[in-house]
Amino acid sequence: MALIFGDEYLFLSQSGVGVSYTSIDKLDSSHVIIGYTDFFGIDSGSVIIGNINDFSITTGSPKQIGTSGVSYPCIATINDSQFIVAYKDKIDDYSKIKIGSVNGTDITFGSPFVFTTNVVGEIALTILNSSGFVVIYKDQSDSDHGTAKIGTIDESNITFSSEYEFCNSGAVSHFDLEKIHESGFIIVYRDVVNDSSNVRIGEVSDNTINFGPISPYANGVHLYNRVEMLTPSSCILVYRNPLNKGMAKTGSISGLTITFEEEAIFGQNTSYIDVDISNTYECIVVYKDGDNSNYGTAVRGIISGINITFDSDYIYNTNNSNHNKIQYLDPNKFVVIYRNESGYGSIKVGLNTEGNIFNTELLFAQGFKANIANLTLIINGYIQKPAPSCPILDPTASIQIDNNLINIYQSRIDAVINQLGKNVLLEFDPIRGECLNCEYDTLRRRSTGIYKIGGPISFKRGRPCPYCKGKGLIETTVTKCIKCLIRWNPEDMGNYGISVLQRKGIVRFKTFLSSIPDLIKTRTAISNYDIMNRTILRVKLISGPIPVGLREDRYCISFWEMI
């Protein structure tokens, strides 16, 4: 398995002190919104839209949050065209929230709404539903206590509830906030006075907050605390312990209480840590690696039940990396933002290959800079996918299905697919690019017959280019190998709308639900890829993919016809 990163793009490239207080959230599968403070001149805060097209990135013009003096900007998206941003306005020391609207890469703001006139230190924000959110902050006017408020959005207006303190006995720092469900949230924070690191769960009802008990997850000074939900009843915490080691652990949630599992280590000398999950059994942690020249580093974590294991490290920035943040776009693609050595705001696309075959020529043609030392391409043989932790079922039902039973069921099916399944090669439409060896006539759509200086094979003017055979274009093959359980001429195909006339040369593939986008895009596939040197069984899709299995949330079947 491998993590691969593309080229670095800049969302802020002025010279000066640099970008700080970065925040990122997803608008849709190809757009993110970034909030940050820049110290170039007026110490202003801005937001900017990042447009991800394949593996290249373009950004719109930055939109200033305030006229000047903005700190702690924090972004949370409402939908794919609206977001809110919380910040401290240094002009009056009030903390405010604005609603932002997105049109392409353009951003417009409504009026600011003050959620506290006290002086604040840090701010975190999460959306609960289309009209409600929670904002938490360090109240410097009240002994640095941790404070929360509910915000209600009514069209272009925002109103706030009373204050509710989640930490009233000590000063808070390094906190994070995440939605559990539409009326619940979880806070992780450091209690500076009591020298402990805690989690607290809040429940919203009638514009009030009821907090559960304070749950210490570790003793001592823990920094860069981050939390992400895996399921409505489980979460993952990442943080730096007093020895500067990067640590992670899972937590199990029941109502307003939480219990924690054993720690797992992902780095020895870490800072500026962040985490995001692609699904219930996988996460990626990004951090600054103090043991490796302060490089920006990413590591993939596998969550199996209550346990976490980490793969090898992958470097995404070979210089000093601060204020690292990660945001998944889809189950395989994500973006990382950070402050680079020059203080610039930088962004990169990352790809989690999950052990799939990638065409190396295509990989580099699309602008990737692969970390060759760490690149692993698994061709024949897949690592078993851990079964996810499923949500708790209806506690009032007469029959209760234990999560462990569901995990066992899915882990066994995973093992059957991964270990007994056959390799199937998916063949996509090729990518076409201009020939490297000759000039291309865009009007006639063919080679001009003129050698391109620096091309690999020189030839005389007017003759067909030997590199592209006179076409002017080079096609790059795009393939991907997946594991499937295969059955020829299955008896159940009539249940899925396949006629009697089609009952010869039909094959059924059963594989993971995450492969649906690839199956839909597949032009043709080679079944039984391992025996391709003896016979080529090329097929095309005729029905599906269709989700199947317990809860229909992990596997799919599709039917294919011999060509």
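That block above? That's the structure.
Just so you know, these numbers come straight off a predicted model, no measurement behind them.

Student: So what exactly am I meant to see when it comes to the overall build of the protein chain here?
Tutor: The number of helices and strands found in the protein chain is three helices and 45 strands. Here the protein chain holds 563 residues, and 53% of them are scored as buried. Taking all contacts inside the protein chain whose residues are at least 6 apart in sequence as the whole, residues at least 24 apart take part in 52%. For the protein chain, the computed accessible surface area is about 24,500 Å², with 47% contributed by carbon and sulfur atoms.

Student: I would appreciate a short explanation of the sheet that holds strand β44 (residues 537-548) in the present structure.
Tutor: The pairing of strands in a sheet happens through backbone hydrogen bonds and is either parallel or antiparallel. With antiparallel pairing, the six strands of this closed barrel are ordered in space as β36-β41-β42-β45-β44-β43. Looking at each pair of strands side by side, their axes are set apart by 45° on average, direction ignored. Pairing between strand β43 (residues 524-527) and β44: three bridges, direction antiparallel. Bridging from a neighbouring strand, S527 pairs with L537 of β44.

Student: Could you clarify how one ought to interpret the environment of I99 in this entry?
Tutor: Structurally, I99 is set in strand β10 (residues 94-103). The exposure class of I99 is buried, given its relative accessible area of 9%. Each C-alpha atom of the pair I99 and P112 lies 7.8 Å from the other, and the pair is 13 residues apart in sequence. Among all residues touching I99, those that are not within four sequence positions of it are Q82, F83, I84, T108, F109, G110, I153, E155, S156, N157 and I158.

Student: Help me understand the nonpolar core, please; the structure alone is not making it clear to me.
Tutor: Buried together is how nonpolar side chains tend to be arranged in soluble globular proteins. Judged by nonpolar contacts, the single largest core of 19 residues is most densely connected at I84, I97, I123, L125 and F133. Elements represented by at least two residues in this core include exactly β8 (70-79), β9 (82-89), β10, β12 (113-116), β13 (120-129) and β14 (132-139). Core analysis: the next-biggest nonpolar cluster, separate from the first, contains 18 residues, L223, Y224, I236 and I277 among them.

Student: Please explain the packing of aromatic side chains as it appears in this structure.
Tutor: Aromatic rings in a pair are described by how distant their centres are and how their planes are angled relative to each other. Enumeration according to the criterion identifies 22 aromatic pairs in this entry. Measuring from ring centre to ring centre gives 5.3 Å for F509 and W560, while their planes differ by 35°; the resulting arrangement is tilted. Within this pair, whereas F509 is found in strand β42 (residues 506-512), its partner W560 is found in strand β45 (residues 555-562), the two being separated by 51 residues in sequence. Relative accessible area serves as the criterion here: at 1%, F509 is assigned to the buried category. Under the relative-accessibility criterion, W560 is labelled buried at 0%. Taken together, the ring pairs connect F5, Y316, Y328, F334 and Y338 into an aromatic cluster. A cation over an aromatic ring shows up here: K98 above the ring of F109, its NZ or CZ 5.3 Å from the ring centre. Above the ring of F55, the side-chain terminus of K333 is found at 4.5 Å from the ring centroid.

Student: What exactly am I supposed to notice about the state of the cysteines here?
Tutor: Disulfide: a covalent bond formed between the sulfur atoms of two cysteine residues. Per the stated rule, a full pass over the model turns up zero disulfides. With no disulfide partner, C438 has as its closest neighbouring cysteine sulfur the one in C468, 3.7 Å distant. For C438, a relative accessible area of 0% corresponds to the buried category. Classification of C468 as buried rests on a relative accessible area of 3%.

Student: Which parts of the structure should I look at to understand the pairing of strand β32 (residues 322-328)?
Tutor: Remember that side chains alternate between the two faces of the sheet whenever the strand is regular. Within β32, seven of the seven residues are buried, which leaves the element mostly enclosed by the surrounding structure. Strand direction decides the pairing type here: β32 and strand β33 (residues 333-339), joined by five bridges, are antiparallel. When the sheet's bridge partners are listed, K325 is paired in β33 with I337. In this structure, the hairpin formed by β32 and β33 is closed by a connection of four residues.

Thresholds applied
Residues numbered from 1 in each chain as written. Predicted model: local features only at pLDDT ≥ 70, side-chain atom pairs only at ≥ 80, totals over all residues. Heavy atoms only, no water. Helix = DSSP H or I, 4+ residues; strand = E, 2+ residues; numbered from the N terminus. Buried < 20%, exposed > 50% of the residue type's maximum accessible area, 1.4 Å probe, protein only. Contact = heavy atoms within 4.5 Å. Areas by Shrake-Rupley, 256 points an atom, 1.4 Å probe, with all protein chains shown as cover. Pairing = 2+ DSSP bridges. Axes fitted to C-alpha atoms, helices over the stretch in contact; angles between N-to-C directions. Core = buried A, V, L, I, M, F, W, Y, C linked by side-chain atoms within 4.5 Å. Phe/Tyr/Trp six-rings, centres within 6.5 Å; stacked < 30°, edge-to-face > 60°. Lys NZ or Arg CZ within 6 Å of the ring centre and 35° of its normal. Disulfide = S-S within 2.5 Å.

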